[in-house]
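Notes for the structure review
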Amino acid sequence: MKKSLWLFIMITFTFLLLLGCSSNNEEADKGESDDDSTKSGEQIEISFSWWGDTGRHEKYNEIIDLFEEAYPNIKVDRQFGGWEDYWDRLTTQVSGGNAPDVVSMHQFYVSDYARRGALHVLNDKVENGELDLSDFPEAALDSGKVGEDIVMVAKGITMPGFVYNTAVFDDLGIDYPESDWTWDDFVDKAYEIKEAMGGDGWAVEDGSGGQLQPLFRYFARQSGQDLFTEDGKLGFDEQVLTDWWTMWDQMRQDGVIPDAATSNEYEGLPLEANMFATKKVALLGLPANQMYLYEEQMAEGEINIVRHPHIEGGPNGEYIEGAYLSITEDSPHKDAAAKFIEFFVSNDEAIKIFKTEQGPPAGTKASNLVMEELTLPEQRAVEYIQTTVELAEPAAYAPEGVNQVETLFSDNAEAIAFGQKSVEQAVADFLNEARSILEQ
């Protein structure tokens, strides 16, 4: 009987002990993230993708190295490429369910990905401080929203324009472009440049196609229209597109801009080998934050920037542009991804590396810190951004299907360039197919 009683006590004690351990484990699990092991110290890997040139890749790798030092249990798989390759790859990755944990995002494409449920809504992480953006001005935070949902975090804010090298214009004996110029002024300046350059180059790269924004979007907005309406329909008419493609086609036929074959030859080359860096063209449409990269490549002269041309008597075309970071919905490591984003936009050493790589940082502390680190070309860029951002007006988000519409725009512009379609035929084909994609 004593042996039986002793056995019962031991069994009961063991049961209670196991029950207590189980309870403690459950409490520990509640404190742990559901999607990663950042608190436990277990080794995990997240992936991060971005677009850019060689200089940006080097900077981003430096920032990632700092992050991995701060969080030794988190490794970052690094994926990068050129602008067009980046979006093609991301579309394929999202469709295949293997998108990176953290992706670079852009205002033009965000609504397409968000409306397909590809991006994780960050509201809860921001509200509970897990993703600390308390230093962000409200406008910067709101710029990452689609509707009421925060789906991206601003790395930097920028404004585009046309850049030129003062030394090139001085050598050609041509006056610099005025900041408040019209498209007629732009065309006149292009012909003046071509005449001075002769057979050594062209005035400007072919800006007729490729992407819907910023160039064509500015033109449409200056015409009192836009790329899209608030309800996701096509926002510009036949006349606007006809005027746009006609202007560029005439300059191409007159040899003021490169022929289609030459444009294709230079497409996708690294910055140091492109047409502007090698002085094959004298003007280049560019986000202001990239000005300093070209000044580093050129032995003489300053890289200055002027606004995009405007339509006489029309409204401004400017709207705020930026570069952002998002977490994909299928990411198994959302907590680690949030730590990475917070580090990227708020760590002092990361900010000093980033500086104005994709525009001045959005956070108040970060933007103040970076001003102390800027070179003269970077200061000129910030001054330009600060001036032109005051002219910016809201722009409608792109609807679902924007990637298809942009490809259609590029394909038809290229068909004109190669002489495969007339402007009239390309306009008709684009409008019919674009409206079909957007179900108008």
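In short, a report on the structure. Worth saying up front: this structure is predicted, and the values here are computed from it rather than measured.

Turning to the sheet that holds strand β6 (residues 153-158), a few remarks are in order. The mixed open sheet is built from five strands, whose spatial order is β2-β1-β3-β11-β6. Of all strands in the sheet, those bounded by a partner on one side alone are β2 (74-81) and β6. For this sheet the average axis-to-axis angle between neighbouring strands, irrespective of direction, equals 20 degrees. Where strand β1 (residues 44-51) and β2 come together, eight bridges link them in parallel fashion. Along β2, the bridge assignment pairs Ser47 with Asp77. The sheet strands contacting helix α13 (residues 334-346) are β1, β2, β3 (102-106), β6 and β11 (321-327), and the helix crosses β11 at an angle near 150 degrees.

Topologically, Val370 is positioned in helix α15 (residues 364-371). Judged by relative accessible area, Val370 falls into the buried class, the value being 1%. Spatially, the C-alpha atoms of Val370 and Arg252 are 42 Å apart, while their sequence positions differ by 118 residues. Filtering out sequence-adjacent residues up to four positions away, Val370 remains in contact with Ile351, Lys355, Thr356 and Pro361.

The subject of this paragraph is the sheet that holds strand β10 (residues 303-306). With mixed pairing, the four strands of this open sheet are ordered in space as β8-β9-β7-β10. Both outer strands of the open sheet, β8 (202-204) and β10, are each paired with one neighbouring strand and no more. On average, each strand axis in the sheet is tilted by 30 degrees relative to the strand beside it, whichever way the strands run. Bridge analysis of β8 against strand β9 (residues 281-287) gives two bridges, and the strand direction is parallel. The residue bridging Trp202 from the neighbouring strand is Val281, located in β9. Of the strands in this sheet, β7 (160-165), β8 and β9 are in contact with helix α8 (residues 183-197), which crosses β8 at around 150 degrees.

What follows concerns the side chain of Asn123. Within the fold, Asn123 resides in helix α5 (residues 123-127). Residue classification places Asn123 among the buried residues on the basis of a relative accessible area of 16%. A distance of 3.1 Å separates a polar atom in the side chain of Asn123 from the backbone oxygen of Glu148. Among the polar contacts listed, one links the side chain of Asn123 to the backbone nitrogen of Ile150, at a separation of 2.7 Å. With near-sequence residues (within four places) excluded, Asn123 lies in contact with Glu148, Asp149 and Ile150.

The rules we used
Residues numbered from 1 in each chain as written. Predicted model: local features only at pLDDT ≥ 70, side-chain atom pairs only at ≥ 80, totals over all residues. Heavy atoms only, no water. Pairing = 2+ DSSP bridges. Helix = DSSP H or I, 4+ residues; strand = E, 2+ residues; numbered from the N terminus. Axes fitted to C-alpha atoms, helices over the stretch in contact; angles between N-to-C directions. Contact = heavy atoms within 4.5 Å. Buried < 20%, exposed > 50% of the residue type's maximum accessible area, 1.4 Å probe, protein only. Polar contact = N/O pair within 3.5 Å; in protein donor to acceptor, adjacent residues only side chain to side chain.

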